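Examination of the molecular architecture
Chain residues, written in single-letter form:
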Amino acid sequence: MPLLALFDPAVILPFLVAVALVELTPGPNMGWLALIAAGRGRTAALAAVAGVTLGLAIWMLAAVVGVATLVIQWPWLFQIIRWAGVGWLLWLAWEAWRGADTMAGEAVEGRRRDLFLKGLAANLLNPKAAVFYSALLPTFIRPGAGLPVAQALTLGGLHLAVATTIHGLIVVTAAGAGGPLLRRLEGPLARGVMGGGILLVALWMAWETR
């Protein structure tokens, strides 16, 4: 069966517009990635982008099998994930303030792996991703256009491509615009800027997912 027979091609454009607007709306991912790019450089931040993308992919697959829907059906589960995500960002802010996230003695590969895992954890603890795939994605699935699973995976894959592109642009822009200034800071001032920035991202997430 041709690929286009698996879903309704008429939904692609409105879906791309919708997900682009969602991803361009300022949020915790955007703020955290911009801070990492400015403070650690473009390559390190792209490792974090890879972790964020994997987290989105896991939520997408969870939505396809129905697990992510529980986050909407059970408000207490949403709140657990929400506050776990806020707590994780607060821990990252504390690490940045202590200077523990610089890992000066470790190899570059170790720093990238650490940022990849932090990006993955941050997105797995972001309930907005579950809500997106469980609430918005089904509105673009058309009965009779193909298997619902095939439609969901195709549209989810398009969302991952859009999200990764936008996150990559954020990283490149932040690394070029704010990176040279932030990376010239040293000692408590540099740690304070990074820690304070991530603290604001944590508060931002708490407010945005209220």
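Residues numbered from 1 in each chain as written. Predicted model: local features only at pLDDT ≥ 70, side-chain atom pairs only at ≥ 80, totals over all residues. Heavy atoms only, no water.

Quick look at the overall build of the protein chain
Counting secondary structure elements, the protein chain contains ten helices and zero strands. What you see in the protein chain, going N to C, is helices and strands ordered as α-α-α-α-α-α-α-α-α-α. Looking at the protein chain as shown, the accessible area adds up to about 10,300 Å², and 73% of this sits on carbon and sulfur atoms. (Helix = DSSP H or I, 4+ residues; strand = E, 2+ residues; numbered from the N terminus. Areas by Shrake-Rupley, 256 points an atom, 1.4 Å probe, with all protein chains shown as cover.)

Digging into the UniProt feature "transmembrane region" (unreviewed entry) in the protein chain
As recorded in UniProt, the feature "transmembrane region" (unreviewed entry) lies at residues 6–24, 45–70, 76–94, 115–136, 156–177 and 189–207. Secondary structure across residues 115–136 comprises 91% helix and 0% strand; the distance between its end C-alpha atoms is 29 Å. Counting secondary structure, residues 156–177 comes out at 100% helix and 0% strand; the distance between its end C-alpha atoms is 31 Å. (UniProt positions renumbered as here; feature names shortened; annotations may be inferred.)

Focus: the pattern of salt bridges
Following the criterion strictly, the structure yields one salt bridge and no others. Aspartate 114 is the salt-bridge partner of lysine 118, the closest N and O atoms lying 3.0 Å from each other. Here lysine 118 pairs with aspartate 114, and both are found in helix α6 (residues 108–124), just four residues apart, close to one helical turn. The exposure class of lysine 118 is buried, given its relative accessible area of 7%. (Salt bridge = Lys/Arg side-chain N within 4 Å of Asp/Glu carboxyl O. Buried < 20%, exposed > 50% of the residue type's maximum accessible area, 1.4 Å probe, protein only.)

Thoughts on helix α2 (residues 28–40)
The end-to-end C-alpha separation of α2 is 18 Å, in line with the 18 Å expected for 13 residues at 1.5 Å each. A large share of α2 lies buried, amounting to eleven of its 13 residues. Every buried residue belonging to α2 is among Pro28, Asn29, Met30, Gly31, Trp32, Leu33, Leu35, Ile36, Ala37, Ala38 and Gly39, and all of these are buried. A positive backbone phi angle near 105° is found at glycine 41, which sits one or two residues after α2. (Expected span 1.5 Å × (residues − 1).)

Let's talk about the confidence of the model for the protein chain
Per-residue confidence for the protein chain gives a mean pLDDT of 74, with 67% of residues at or over 70. When the elements of the protein chain are averaged for pLDDT, helix α9 (residues 179–184) gives the smallest value, 55, and helix α3 (residues 42–64) the largest, 89. Low pLDDT, under 50, characterises residues 1–5; the predicted model gives this stretch four contacts beyond four residues in sequence or across chains. In the model, residues 102–106 has pLDDT below 50 throughout and makes seven contacts with residues more than four positions away in sequence or in other chains. (pLDDT = per-residue confidence, 0-100. Contact = heavy atoms within 4.5 Å.)

Remarks on the packing of α3 against helix α7 (residues 127–136)
Two numbers describe a pair of packed helices, the interaxial angle and the distance between the axes. Two numbers describe how α3 lies on α7: the axes approach to 9 Å, and their chain directions differ by 40°. Viewed along their axes, α3 and α7 adopt a mutual orientation that is oblique. For the element pair α3 and α7, the recorded crossing hand is right-handed. Counted together, Leu56, Trp59, Met60 and Ala63 of α3 and Ala129, Ala130, Tyr133 and Ser134 of α7 form the full contact between these two elements. Taken together, the residues that form the contact of α3 with α7 break down as seven nonpolar, one polar and no charged. (Axes fitted to C-alpha atoms, helices over the stretch in contact; angles between N-to-C directions. Parallel < 35°, antiparallel > 145°, perpendicular 65-115°, else oblique. Left-handed = near helix turned anticlockwise from the far one by under 90°. Nonpolar A, V, L, I, M, F, W, Y, C, P; charged D, E, K, R; others polar.)

What to know about α3
Relative to the 33 Å expected for 23 residues at 1.5 Å per residue, α3 spans 33 Å between its end C-alpha atoms, a close match to the ideal helical length. Glycine 66 lies just past α3 and shows a positive phi near 95°.

Remarks on the nonpolar core
Grouped together as the largest cluster of nonpolar side chains are 25 residues, with contacts concentrated most on Trp59 and Tyr133. Looking at this core, the elements that each hand over two or more residues are α1 (12–24), α3, α7 and α8 (148–177). Counting residues per element, this core draws most heavily on α8, at seven residues. (Core = buried A, V, L, I, M, F, W, Y, C linked by side-chain atoms within 4.5 Å.)

A look at the packing of α3 against α8
Contact pair α3 / α8: the axes reach a minimum separation of 10 Å and the direction vectors enclose 160°. Here α3 lies roughly antiparallel to α8, going by the angle between them. Between α3 and α8 lies a crossing of right-handed hand. Classifying every residue of the contact of α3 with α8 by side-chain character gives 17 nonpolar, seven polar and one charged.

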